[in-house]
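# Examining the three-dimensional arrangement
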Amino acid sequence: LDAAVATDGGIVIAVPRLAHIANFDDFDPLRQQPGVKLVFVPAGKPLPAEATLVILPGSKATIADLKFLREQGWDVDLAGHLRRGGRVLGICGGQQLLNVVLGGTLIQHIPDAVQDALAHEQPNPRNEPGHPVQITGGSLLHRIVGATELPVNSAHHQAVETVAPGAVCDAVAPDGVIEGIEHPGYRFCIGVQWHPEFFISEGDRKLFSAFIAACQK
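This section reports on the structure supplied with the text. Here the structure is a predicted model, which is why all the values come from computation and not from measurement.

## Brief notes about the packing of helix α2 (residues 62-71) against helix α4 (residues 93-101)
Interhelical geometry of α2 versus α4 gives an angle of 55° and a closest axis separation of 10 Å. Regarding the angle of α2 to α4, the classification is oblique. Handedness of the crossing formed by α2 with α4: right-handed. Together, Thr62, Asp65, Leu66, Leu69 and Arg70 of α2 and Gly93, Gln96, Leu97, Val100 and Val101 of α4 make up the contact between the two elements.

## Observations regarding the packing of aromatic side chains
The final tally for this structure, using the stated rule, is four aromatic pairs. Ring centres of Phe208 and Phe211 lie 6.1 Å apart, and the angle between their planes is 80°; on these two criteria the pair is classed as edge-to-face. Linking Phe208 with Phe211, this pair stays in helix α7 (residues 202-215), spanning three residues, or about one helical turn. Look at Phe208 and you get buried, because its relative accessible area is 7%. Here the aromatic cluster, defined as three or more aromatic residues joined through ring pairs, consists of Phe188, Phe199, Phe208 and Phe211.

## Remarks on α7
With 14 residues, α7 extends 20 Å from end C-alpha to end C-alpha; this agrees with the ideal 20 Å at 1.5 Å per step. When we look at burial in α7, the residues that qualify are Gly203, Asp204, Leu207, Phe208, Ala210, Phe211, Ile212, Ala214 and Cys215. In this structure Ser201 caps α7, since a side-chain oxygen of it lies 3.2 Å from the backbone nitrogen of Gly203.

Conventions and cut-offs
- Residue positions are counted from 1 within each chain, in the order its sequence is given.
- Per-residue local features are limited, in this predicted model, to residues with pLDDT of at least 70; the limit for side-chain atom pairs, both in listing and counting, is 80 or more; totals at the level of whole chains, interfaces and linings are taken over all residues.
- With hydrogens and water excluded, all non-hydrogen atoms of the structure serve as input to the side-chain values.
- The axes used here are C-alpha line fits, helices contributing only the stretch in contact, and every angle between their N-to-C directions lies in the interval 0 to 180 degrees.
- Strands are runs of DSSP state E lasting at least two residues, helices are runs of H or I lasting at least four, and both sets are numbered from the N terminus onward.
- These descriptions rest on fixed angle ranges, namely under 35 degrees for roughly parallel, over 145 for roughly antiparallel, 65 to 115 for roughly perpendicular, and the rest for oblique.
- By definition, any crossing whose near helix is turned counterclockwise from its far helix by less than a right angle is left-handed, and any crossing with a clockwise turn is right-handed.
- We call two residues in contact whenever any of their non-hydrogen atoms come within 4.5 Å of each other.
- Geometry of aromatic contacts follows a simple scheme: Phe, Tyr and Trp rings, the Trp one being its six-membered ring, pair when their centres are within 6.5 Å, and the pair is stacked under 30 degrees between planes, edge-to-face over 60, tilted otherwise.
- Buried residues are those whose accessible area, probed at 1.4 Å on protein chains only, stays under 20% of the maximum for their type, while exposed residues exceed 50% and partly exposed ones sit between those limits.
- By this rule, a helix spans an expected 1.5 Å times one less than how many residues it contains.
- Polar contact criterion, stated in full: a pair of N or O atoms within 3.5 Å, where within protein one must be able to donate a hydrogen and the other to accept it, and residues adjacent in sequence count only if both atoms are side-chain atoms.

Everything listed here is a matter of geometry and, on its own, says nothing about what the molecule does.
Okay, here's the thing in structure tokens:
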């Protein structure tokens, strides 16, 4: 879909086409959701104002993705989207982008910064779990998934270092690496370091269901 496609009242999910992501097939499960329109926003186009939800994807080149995001003005669009009550989901590197856009910092290479780090670039396929994460009790993520621990996949070497002002950490790996953030000051603003679109656990399904439900309010 082009960013200029008109909608008919369904949920519009905007996904910026970051330069270092060649394959957007991971979004196929969302394409199958009734009433959902995916809008892949090309370079040079603003994030559509009518978007109900913005999903920030990510690659393993987060710094390059961040530079590209800013060059397109999408960081400004994203801030405006949040101020207007829009919903945002950051996935994997997209969580890292979200944290930096909100004012946080990153670990550039986990093995250099975390002692006895897990294999966050898991050797097994991404449709299998790589490690568990602990969910912070009382967080929005906890209320959504209804669990204090989830099995997740893992395909990253960077991570959130300092959580952005106003945001909170809502999930951590056993080695202490931050795996989830959320911002209570916005209507719906969550980032997760794993790829919930693989639906490894029931918690992943609940997460996407919650995003869709939030967009309908």
